Amino acid sequence: AQKVTQAQTEISVVEKEDVTLDCVYETRDTTYYLFWYKQPPSGELVFLIRRNSFDEQNEISGRYSWNFQKSTSSFNFTITASQVVDSAVYFCALIERGTYKYIFGTGTRLKVLA
Amino acid sequence: SAVISQKPSRDICQRGTSLTIQCQVDSQVTMMFWYRQQPGQSLTLIATANQGSEATYESGFVIDKFPISRPNLTFSTLTVSNMSPEDSSIYLCSVGLAGDDDTQYFGPGTRLTVL
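Residues numbered from 1 in each chain as written. Chains lettered and ligands numbered in written order. Predicted model: local features only at pLDDT ≥ 70, side-chain atom pairs only at ≥ 80, totals over all residues. Heavy atoms only, no water.

Student: Looking at this structure, how should I read the pattern of salt bridges?
Tutor: A complete count under the given rule lists six salt bridges over all chains for this structure. Across the pair K111 of chain A and E10 of chain A runs a salt bridge, and its minimum N-O distance is 3.4 Å. Of this pair, K111 of chain A sits in strand β12 (residues 108–113) while E10 of chain A is found in strand β2 (residues 10–14), placing the two residues 101 residues apart along the sequence. Classification of K111 of chain A as partly exposed rests on a relative accessible area of 37%. With its nearest N and O atoms 3.4 Å apart, the salt bridge here joins E58 of chain B to K101 of chain A. On the criterion of chain membership, the pair formed by E58 of chain B in the loop between β6 (56–57) and β7 (68–72) and K101 of chain A in the loop between β10 (88–96) and β11 (103–104) is interchain, its members lying in two chains. It is possible to trace a salt-bridge network through shared partners that takes in R51, D55 and E59 of chain A. (Salt bridge = Lys/Arg side-chain N within 4 Å of Asp/Glu carboxyl O. Helix = DSSP H or I, 4+ residues; strand = E, 2+ residues; numbered from the N terminus. Buried < 20%, exposed > 50% of the residue type's maximum accessible area, 1.4 Å probe, protein only.)

Put into structure tokens, the structure is as follows:
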């Protein structure tokens, strides 16, 4: 069965600290996509990144970076030099190709303190 | 991506009434979905809104409670019927774009409180 686990319910850091959000997934399929979304207090879900199962290259976008490790079924998200505006709930999600059904993790609430 | 709007952005309703939420996209999209996010919880898929046919509901959700319409490729509505306080949630629509069907883009959400 498919499953996405975000074991960290809430994380608090002080501004400028680096923080890593963990995501572990389970799937029997060989073709799948992984995603990260950000949900600020306003409620909108903002798409951050998509990674397919055949591309294990890590990705960096500004202060954001993602580490995809198929060997450990993990897709972790690191924010470097965190800012107060990074405070939000972050969701990791999995989709098996062709199903269009997301499996969401339970989310990690990140609080960045000034 | 696409620009997605939802109306209303929030509402406070009385028990037993119904509310219709609209989702408008600025371009034609192949897939449209409706999600519910109960307070402090993750997102749960309610249904896939199919253009020109009945929506496809997930386990635990029924058409009588959550009727959905999708008259064209840019618009859909979700009605929450005979509401109870347990229906208090954020309701979000999402879309999948042609050629990018595996990625869903979400609307701003409708924050519903039922008294």
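Following the structure, the description resumes.
Student: I tried to follow the interface of chain B and chain A on my own but got confused; where do I start?
Tutor: Frequently, the measure chosen for interface size is the accessible area that the parts lose on association. On the side of chain A, 21 residues touch chain B, which itself brings 20 residues to the contact. Interface of chain B and chain A: buried area, both sides summed, is about 1600 Å²; carbon and sulfur atoms make up 52% of it. Among the residues of chain B in contact with chain A, S42, D102 and F106 of chain B are the three that bury the most area, contributing 33% of the side total. Taken together, the links from chain B to chain A amount to one salt bridge. Seen at the junction of chain B and chain A, the total is seven residue pairs in polar contact (both at pLDDT 80 or more). Of all the elements in the fold, those that place two or more residues in the side of chain B that touches chain A are β4 (31–37), β5 (43–49) and β10 (100–106) of chain B. The element contributing the most residues to the side of chain B that touches chain A is β10 of chain B, with seven residues. Of the residues belonging to the side of chain B that touches chain A, the class tally is nine nonpolar, six polar and five charged. (Contact = heavy atoms within 4.5 Å. Buried area = accessible area lost by both parts, 1.4 Å probe. Polar contact = N/O pair within 3.5 Å; in protein donor to acceptor, adjacent residues only side chain to side chain. Nonpolar A, V, L, I, M, F, W, Y, C, P; charged D, E, K, R; others polar.)

Student: Sorry if this is basic, but what is going on with the packing of aromatic side chains here?
Tutor: What characterises a pair of aromatic rings is the spacing of the ring centres plus the angle enclosed by the ring planes. Residues and elements named next belong to chain A. In total, this model carries 23 aromatic pairs over all chains according to the counting rule given. Aromatic pair Y37 and F47: ring centres 5.8 Å apart, planes at 65°, arrangement edge-to-face. Taken together, the positions of Y37 in strand β5 (residues 32–39) and F47 in strand β6 (residues 46–52) put the pair ten residues apart, joining distant regions of the chain. Taken together, a centroid distance of 6.2 Å and an interplanar angle of 55° make the contact between Y37 and F104 tilted. Here the residue Y37 occupies a position in strand β5, and F104 occupies one in strand β11, the gap between them amounting to 67 residues. Per residue, the accessibility class of Y37 equals that of F104, and both read buried. (Phe/Tyr/Trp six-rings, centres within 6.5 Å; stacked < 30°, edge-to-face > 60°.)

Student: Honestly, the pairing of strand β3 (residues 19–25) of chain B in this entry has me stumped. Any pointers?
Tutor: Where a strand is regular, its side chains alternate between the two sheet faces. Residue and element names in this part refer to chain B. In β3, alternate side chains face the same way, and those of L19, I21, C23 and V25 are buried while those of T20, Q22 and Q24 on the opposite face are not. Inspection of the sheet shows strand β1 (residues 4–7) paired to β3 by four bridges, in the antiparallel sense. Its bridge partner lying in β3, K7 is registered against Q22. The pairing of β3 with strand β8 (residues 75–80) spans six bridges and is classified as antiparallel. Opposite I21, over in β8, you have L78 as the bridge partner. (Pairing = 2+ DSSP bridges.)

Student: Explain the side chain of S89 of chain B to me, please; I cannot follow it from the model alone.
Tutor: Residue and element names in this part refer to chain B. Inspection of the secondary structure puts S89 in strand β9 (residues 89–97). Judged by relative accessible area, S89 falls into the buried class, the value being 3%. S89 has contacts with R36, Q37, Q38, T110, R111 and L112, leaving out every residue within four places of it along the chain.

Student: Sorry, what's going on with the environment of D29 of chain A here?
Tutor: Residues and elements named next belong to chain A. Residue position: D29 is located in the loop between β4 (24–26) and β5. On a C-alpha basis, the gap between D29 and I95 in space is 9.8 Å, while along the polypeptide they are 66 residues apart. Here T31 takes part through its backbone nitrogen, which lies 3.4 Å from a polar atom of the side chain of D29.

Student: Before we go on, may I ask you to explain the sheet that holds β8 of chain B in this structure?
Tutor: Through backbone hydrogen bonds, the strands of a sheet pair up, either in parallel or in antiparallel fashion. Residue and element names in this part refer to chain B. Spatially, four strands are ordered β1-β3-β8-β7 in an open sheet, and the strand pairing comes out antiparallel. The strands lining the two open edges of the sheet, one partner per strand, are β1 and β7. Each strand of the sheet is rotated relative to its neighbour by a mean of 15°, with strand direction disregarded. Relative to β8, β7 runs antiparallel, the two being bridged by three bridges. (Axes fitted to C-alpha atoms, helices over the stretch in contact; angles between N-to-C directions.)

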